[in-house]
Amino acid sequence: MSAERSVPDPAHETASVERAGTPKVICDACPVLCQISEGRTGACDRWGNFNGVLTRVDPVVLFTKVAATAGELTGFVESEGWDGNPLPDAPVFVTGVGSGTTYPDYKPAPFIVSSQHAGVDMVTVVTEGIFSYCSFKVKIDTDRWLGPEQATVRCRGEAVGHVTTAEYGSQMLSLGGVHHLTGGSKKEGRVACELMMDLGNRNPVELAIEGGAQLIVEAGKAPLVNGVEEQRMRVGCGSATIGIFARQWYGEVDEVVVVDDHITGVLTEHQAGRCLDMPASGIKIRGKKSTPGRYFQVANPGTGWGGTDITDPLAIVNGFDAKVARPGARILMVSTTGEDAAFFVLNEDLRMLPAPMPDAVRKVVERIGENCEPALATVLFLAGAGGSLRAGVTENPVRLTRSIKDLLVEVTCGGAPVYVWPGGGITLMVDVLRMPANSFGWVPTPAIVAPIEFSMRLADYQTLGGHMDRVRSVEDVLRNERVRVVGWDGLNPWPLR
Ligand code: SF4
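Predicted, not measured: the structure shown is a model, and the values here were computed from it.

The rules behind each value
Residues numbered from 1 in each chain as written. Predicted model: local features only at pLDDT ≥ 70, side-chain atom pairs only at ≥ 80, totals over all residues. Heavy atoms only, no water. Near = heavy atom within 4 Å. Nonpolar A, V, L, I, M, F, W, Y, C, P; charged D, E, K, R; others polar. Core = buried A, V, L, I, M, F, W, Y, C linked by side-chain atoms within 4.5 Å. Buried < 20%, exposed > 50% of the residue type's maximum accessible area, 1.4 Å probe, protein only. Helix = DSSP H or I, 4+ residues; strand = E, 2+ residues; numbered from the N terminus. Contact = heavy atoms within 4.5 Å. Phe/Tyr/Trp six-rings, centres within 6.5 Å; stacked < 30°, edge-to-face > 60°. Pairing = 2+ DSSP bridges. Axes fitted to C-alpha atoms, helices over the stretch in contact; angles between N-to-C directions. Arc of directions from axis to C-beta. Salt bridge = Lys/Arg side-chain N within 4 Å of Asp/Glu carboxyl O. Polar contact = N/O pair within 3.5 Å; in protein donor to acceptor, adjacent residues only side chain to side chain.

A. Local environment of the site of the ligand. Near the ligand, the surroundings consist of Cys27, Ala29, Cys30, Leu33, Cys34, Gly42, Ala43, Cys44, Arg46, Trp47 and Pro444. Partitioning the shell around the ligand into residue classes produces nine nonpolar, one polar and one charged.

Shown next, in the form of structure tokens:
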């Protein structure tokens, strides 16, 4: 004989409590468990008590491919005369933005939505994940020196990240992360969390690098370094610039030095000059010679020419070899963005005297600038979704991880494509500019809230132990939920393609 015990399922119930005679609802969307009075919202402002019902303040965001709905159509369910079917035959994708969270993790995700695409039964599991293990990787296109690698990055005086590697024409920062969120003081955690939310929501943030620059960074915008808006991302290092433009300088100059904090290039020593049979100029450059015509460490890093600290290019010239140098030689010194350039003629004493820059030379300098791309700050959200969040998708979480690795499950964040790292867990990266505006929220634990969707064939969902009893149609969502329908901009691939 066996006895069955039913498992309580409070997923969609509103729990309430009475304090000092005032009824409150208990928000169970995160471990904080706010008790919210009528007409008020909880600590994160995402959930409120409206008419005694716990309600997600923002509507859930849906994307549709129908051209007529490009832009935003809000409040469908409240629209007078609406027949409940505003998107006939239109592909619709339910995003995690505004979808809400379920806690503790054994509860199914807030939306598990079935739909048909290209004749295939699909399902999308939608939630707003609460991420403690997450950070933002920021790429700042600049030649200028922002600070030493590993230096602490501060926001409002609190440590919120560090300087990581320099990349080609860019400096990378790592901001946020679990150690700043929960491993330091309460204030550090709060400031880090606010900074992360601002970055994700494409707001400008002010940062100070210890021993380095002050920055204002905003996703998709030019960074401000020490109050100056960065304009150009360098065309390449000094050596690359020599290689690219050597033929265009040939015959117009006798020497070119491209000043760069990484590799300063010297045309007549460089392989590019040798291939053009240019005679050596005899110039001696400060720094460490790497290979012919390529010099490291010609100056200290800074915000001057080519990311060095020099404002006078002659500071890196150590004179000339008298046996080789020829008075009258025409010498161009230029930075890797073409923003700084000066022309000189060598006199009888082998001193470089400033001279007017010939038009033909100026044209090439301008072309360096033309070949620079606009300097931008780009922001990627990096998060680990491999933990308990998976239980909202399936009763057997490891199967979700494996299915993602086997490419059976498409992961998106607010409908934006993500890169899932190889190896264990579901560690993903996504460009915040591809996500809907204001996709990010926070909870006071502190942690970041971000939308995430898992799309797959309905049959595969069943196989991996999905919450089949919670699958509902997209039509049901449209009829019964507060939704905001947004036209698909076509910049991202359609998640259910
Ligand atoms: S912080 Fe927000 S999600 Fe968490 S319990 Fe309070 S209202 Fe709910």
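B. Examining the nonpolar core more closely. Of all hydrophobic cores here, the largest spans 60 residues; its most connected members are Leu173, Leu207, Leu215, Phe381 and Phe454. In terms of residue count, the dominant contributor to this core is helix H2 (residues 186-200) (seven residues). Not counting residues within four places of it along the chain, the set of residues in contact with Phe454 comprises Val123, Thr124, Val125, Leu389, Val393, Leu400, Ile404, Val409, Glu410, Val411 and Ile426. Membership of the second largest hydrophobic core comes to 22 residues, among which are Ile283, Tyr295, Ala329 and Leu350.

C. Structural context of the packing of aromatic side chains. Inspection of the entire model under this criterion finds nine aromatic pairs. Their ring planes at 80° and their centres at 5.7 Å tell us that Phe131 and Phe381 sit as a pair that is edge-to-face. You can see Phe131 sitting in strand S10 (residues 120-131) and its partner Phe381 sitting in strand S30 (residues 377-384), a full 250 residues away along the chain. In terms of burial, Phe131 and Phe381 fall into one category: buried.

D. Broad picture of the sheet that holds strand S24 (residues 294-296). With respect to topology, seven strands assemble into an open sheet ordered S23-S24-S21-S20-S26-S27-S28, the strand pairing being mixed. Pairing within the sheet leaves two strands with one partner each, and these edge strands are strand S23 (288-291) and strand S28 (352-354). Sheet twist, expressed as the average angle between the axes of neighbouring strands with direction ignored, equals 30°. Note: strand S21 (residues 264-266) against S24, two bridges, orientation antiparallel. Bridged to Thr264 within S24 is Tyr295. Against the sheet, helix H3 (residues 238-249) contacts strand S20 (255-259), S21, S24 and strand S26 (330-335), and its axis sits at roughly 150° relative to S20. Taken strand by strand, helix H5 (residues 359-370) contacts S26 and strand S27 (341-346), and its axis lies near 15° from that of S26.

E. Representation of helix H6 (residues 397-405) in the model. Among the residues of H6, Leu400, Thr401, Ser403 and Ile404 are the ones counted as buried. Down the axis of H6, the buried side of the element spans an arc of 165°, and every buried residue falls inside it. Positive phi shows up at Leu407, right after H6, with a value of about 65°.

F. View of the pairing of strand S15 (residues 205-209). Only one face of S15 is covered, namely the one carrying Val205, Leu207 and Ile209; the face carrying Glu206 and Ala208 has none of its residues buried. Summarising the sheet, strand S12 (residues 152-155) and S15 pair through two bridges and their orientation is antiparallel. Its bridge partner lying in S15, Val153 is registered against Ile209. What sits between the antiparallel neighbours S15 and strand S16 (residues 214-217) is a turn of four residues, in which Gly211 has the positive phi angle 70°.

G. Structural detail: the sheet that holds strand S17 (residues 224-225). With respect to topology, eleven strands assemble into an open sheet ordered S18-S17-S16-S15-S12-S13-S14-S11-S30-S34-S33, the strand pairing being antiparallel. The open sheet terminates on both sides in strands that have one partner only, identified here as strand S18 (228-229) and strand S33 (419-420). Relative to strand S13 (residues 158-167), S12 runs antiparallel, the two sharing four bridges. By the bridge assignment for S13, Val153 is matched with Gly161. The sheet contacts of H2 involve strand S11 (134-141), S12, S13, strand S14 (170-176), S15, S16 and S30, and relative to S13 the element is tilted by about 50°.

H. Geometry of the pattern of salt bridges. In this structure the tally under the stated criterion is 18 salt bridges. Note that Arg330 is salt-bridged to Asp254, the shortest N-O span being 3.0 Å. In this pair, Arg330 sits in strand S26 while Asp254 sits in the loop between H3 and S20, placing the two residues 76 residues apart along the sequence. A relative accessible area of 17% means that Asp254 is categorised as buried. One salt bridge connects Glu269 with Lys289, and the closest N-O pair in it is separated by 3.6 Å. Pair noted here: Glu269 is in the loop between S21 and helix H4 (271-275) and Lys289 is in strand S23, with a separation of 20 residues, a long-range link. With a relative accessible area of 14%, Glu269 lands in the buried category. Salt bridges sharing common partners tie together Arg46, Arg56, Asp58 and Glu128.

I. Structural view of the environment of Thr264. Its location among the elements puts Thr264 in strand S21. Setting aside anything within four residues of it in sequence, one finds Thr264 in contact with Val257, Val258, Val259, Gly293, Arg294, Tyr295, Val298 and Ile316. Reaching out from Thr264, the side chain makes a polar contact with the backbone oxygen of Asp260 at a distance of 2.9 Å.

J. View of the side chain of Thr95. The residue Thr95 is located in the loop between strand S8 (92-94) and strand S9 (111-117) in this model. When its relative accessible area of 0% is taken as the criterion, Thr95 is described as buried. Reaching out from Thr95, the side chain makes a polar contact with the backbone nitrogen of Val97 at a distance of 3.1 Å.

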